[in-house]
Amino acid sequence: MRSPRSILRSPKTIPLVVVCSGCIAFIGLFVFHLFAQQPHAVIRKINYTQLREASTARTAASLSIEGETFTVAERDGTLAQAVVTNGAAQQAVIDEFSKNNVPVEFRSLQPSPIVTALNWLVPLLTIIALGLVGWRLSTSMSGRGGDIQVADQQALQGVTFANVAGIDEAKAELVETIEFLRDPAKFGRLGGRAPRGILLSGAPGTGKTLLARAAANEAGVPFLTVSGSSFQEKFAGLGAARVRRLFARARKIAPCIIFIDEIDSMGRQRGRGNDSATADADQTLNQLLVEMDGFNQLSSIVIMASTNRPDMLDSALRRPGRFDREVSVALPDVNGRESILRIHSQGLKLEPEFDLGWVARGTSGFSGADLANLLNEAAIAATRDNAAQIERGHIEHARDRILMGAERHGFMVDEEDRYATAVHEAGHAAVGLHVKNGDPIHKVSILPRGRALGVAQFLPERDRLMKKREYLEDQIAMLLGGRAAEQVLLGTMTAGASNDIERAVEIARRMVTEFGMSSLGPIHLGKPEDARSQSLLDRVEQAVSEIINEQMKRACEVVEATRGQIATLVMALMEQDTLDAHEIHACFGTEKEQAAA
Ligand code: ADP
Ligand code: ZN
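Here the structure is a predicted model, which means the values were calculated and not measured. (Residues numbered from 1 in each chain as written. Chains lettered and ligands numbered in written order. Predicted model: local features only at pLDDT ≥ 70, side-chain atom pairs only at ≥ 80, totals over all residues. Heavy atoms only, no water.)

J.: In this structure, what is going on with the site of ligand 1? I would like to understand it.
T.: Residues in contact with ligand 1 amount to 16 residues; listed here are only the nearest, Ala165, Gly205, Lys208, Thr209 and His344. Between Leu210 and ligand 1, the recorded distance is 2.9 Å, taken from a backbone N or O atom to an oxygen atom. Separating a nitrogen atom of ligand 1 from a side-chain N or O atom of His344 is a distance of 2.9 Å. Summarising the interface, the protein chains cover 86% of the accessible area of ligand 1, which totals 560 Å² for the free molecule. By residue number, the principal contributor to the shell around ligand 1 is helix α8 (residues 208-219), which donates 3 residues. Taken together, the residues that form the shell around ligand 1 break down as 7 nonpolar, 7 polar and 2 charged. (Near = heavy atom within 4 Å. Polar contact = N/O pair within 3.5 Å; in protein donor to acceptor, adjacent residues only side chain to side chain. Areas by Shrake-Rupley, 256 points an atom, 1.4 Å probe, with all protein chains shown as cover. Helix = DSSP H or I, 4+ residues; strand = E, 2+ residues; numbered from the N terminus. Nonpolar A, V, L, I, M, F, W, Y, C, P; charged D, E, K, R; others polar.)

J.: What am I meant to see in the confidence of the model for the protein here?
T.: In low-pLDDT regions, the fine details of the predicted coordinates are not to be read closely. Averaged over every residue, the pLDDT of the protein is 81; the share at 70 or more is 83%. Within the protein, helix α1 (residues 13-37) has the poorest average pLDDT of any element, 37, and helix α16 (residues 469-490) the best, 95. The low-confidence segment residues 1-41 (pLDDT under 50) makes 37 contacts with residues lying over four places distant or belonging to another chain. Considering only residues more than four positions removed or in separate chains, one finds that residues 141-145, a stretch of pLDDT under 50, has 14 contacts. (pLDDT = per-residue confidence, 0-100. Contact = heavy atoms within 4.5 Å.)

J.: What is the right way to read α16 from this model?
T.: An α-helical segment advances 3.6 residues per turn. Residues three or four places apart therefore align on the same side. Along its 22 residues, α16 runs 31 Å from first to last C-alpha, staying within 8% of the 32 Å computed at 1.5 Å per residue. Along α16, the largest kink reaches about 40° and is centred on Gly481. α16 sits mainly inside the fold: 17 of its 22 residues count as buried. Phi turns positive, to about 65°, at Gly491, one or two residues after α16. (Expected span 1.5 Å × (residues − 1). Bend = angle between axes of the 7 residues up to and from the residue. Buried < 20%, exposed > 50% of the residue type's maximum accessible area, 1.4 Å probe, protein only.)

J.: Help me understand the sheet that holds strand β5 (residues 104-107) in this model?
T.: In a beta sheet, neighbouring strands pair by backbone hydrogen bonds and run either parallel or antiparallel. In spatial order, the strands read β1-β4-β3-β2-β5; together these 5 strands make up an open sheet with mixed pairing. Unpaired on one side and paired on the other, β1 (43-45) and β5 mark the two borders of the sheet. Strand-to-strand twist in this sheet, taken as the mean axis angle between neighbours without regard to direction, amounts to 25°. Pairing geometry for strand β2 (residues 60-66) and β5, over 4 bridges, is parallel. Its bridge partner being in β5, Leu63 is matched across the sheet by Val104. (Pairing = 2+ DSSP bridges. Axes fitted to C-alpha atoms, helices over the stretch in contact; angles between N-to-C directions.)

J.: I'm lost on the sheet that holds strand β14 (residues 578-580) in this one. Help?
T.: Taken in spatial order, the 3 strands make up an open sheet running β13-β12-β14, and their pairing is antiparallel. Edge positions in the open sheet fall to β13 (455-458) and β14, since each of these has one partner strand only. Recorded for the sheet is a direction-independent mean angle of 10° between the axes of neighbouring strands. One ladder, built from 4 bridges, connects strand β12 (residues 441-445) with β13; its direction is antiparallel.

J.: Where do I start with a nonpolar patch on the surface in this structure?
T.: A surface patch of nonpolar side chains, amounting to about 260 Å² of accessible area, comprises Leu121, Leu124 and Ile128. Relative to the helices and strands, Leu121 resides in helix α4 (residues 113-142). We classify Leu121 as partly exposed; its relative accessible area is 42%. (Patch = residues over 30% accessible without salt bridge, like charges linked within 9 Å, V, L, I, M, F, W, Y side chains within 5 Å. Salt bridge = Lys/Arg side-chain N within 4 Å of Asp/Glu carboxyl O.)

This is the structure:
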């Protein structure tokens, strides 16, 4: 969820105050120390005899007596101090000084006003500081410092099911719940049991928050939203108190929807550790379970939660009566993407007859949030170009930026490296064009982007739900095409192929260990921690490298056979940096039969 956090009641300012008053107390102590210490610095200690001598030396300016302490202020500004305990001796000293016309002054034993004030101030400030800490604790106990947000109908205005596209199945699953919230009494009368706890699971940005908001709006009820991570506290019990407060609030405004964003941060398996933070997390989760069990047929509260790791959640959360319904929110398919693009392009100035279907086809794997971002980036690019409307080029630019990072302008690559990059990318292109089951080529570029020196981009024209063995093999060959070209045409190898190799090996490994597509037959190696024999692991490695070597050989053959065309492509790249599908096909003399771009 990306709703703005409340800044008015940010609890974060309070510890700051605590720190400040702590500082004041510290400074107070320091000042106190300074004053108490100060006189010692200039006082010379003398004995009784020296004190009596001082009275006759005519150097004494004054004598001050504080209890048993006699301090002589000399004319040169120094202080001499003696302690005289005997009463008669004290009297003798006083007489002596008086006789010599040295003014004698008695001081009380009371400390100076500043010292008195500080004596009061320090404990006072300490008490205030402690009080603030206590107040902070009690506010988080009562949840006042929390960041529960209540959106009423006005705030939800506009967010309806019409704003949510591409996830129709998920929408359909919520219809019943909306019926229930609209008229809880009717539901109870018919004896139906509407789902109360709904877990929305799916990748980030697929519209889970949007869906929950829209459901609240469709039902015409308030929407309470809170982030799962906001229940994380350092002190045991605080998180649980927040949960209690959240539900108390929900009961007051019911019927309503509570939405817990990213519940995984509070709903993990309990009992993982024995520190205070884990204890708090466990108590928080227990409290949530208790509150959900407390729902009866009359309390018309629906609680929704989003997660992208449903497998991480404590199993108790999924029992009947709790989050017993899971609605999975998938990444949109090509039609879904088109309708999401349609929603988000409202209000944008697109070029007339702009084909959103083309954008949808080229954005396989994008989430709803990615698509919204794509249009936004394109609008920014169009503004920067001073264009009257958003054109294809702006969308291309935005997509490349999202997929590959921004181009690095002003980054100097010497000609030799550009040439090596051009050969490498041309190798990918050659193999990609040659194989039968590959995706259509989209562009080749030797402009550095992000960390890559160049790129050969293939875009699937449709979502592949079923990946055939031949497709996977062709992918591997294509990934190895860059290295094959280096080897065959440059007689060398570059480190730039490292990522290609990593991805190729990853595909090959999955073919062997998950899809059963190797000489080892249909085997499946589950989690890495499962027990398996060393001999099996050895055979797996063997099978993986068999696949890799075979495809590497194939890639080299393609490169050998297309030397001339690759040379043409390399020349064009050195001149133009970037070539589109059309230009690439021209270099290879192939027909651009696929409708990719
Ligand atoms: P999630 O909660 O799954 O991480 P959000 O609901 O926060 O995702 O989505 C973020 C934004 O992306 C939404 O506000 C919306 O603009 C856009 N979006 C995501 N999915 C969709 C969708 N299916 N239809 C329309 N817009 C979507
Ligand atoms: Zn490469």
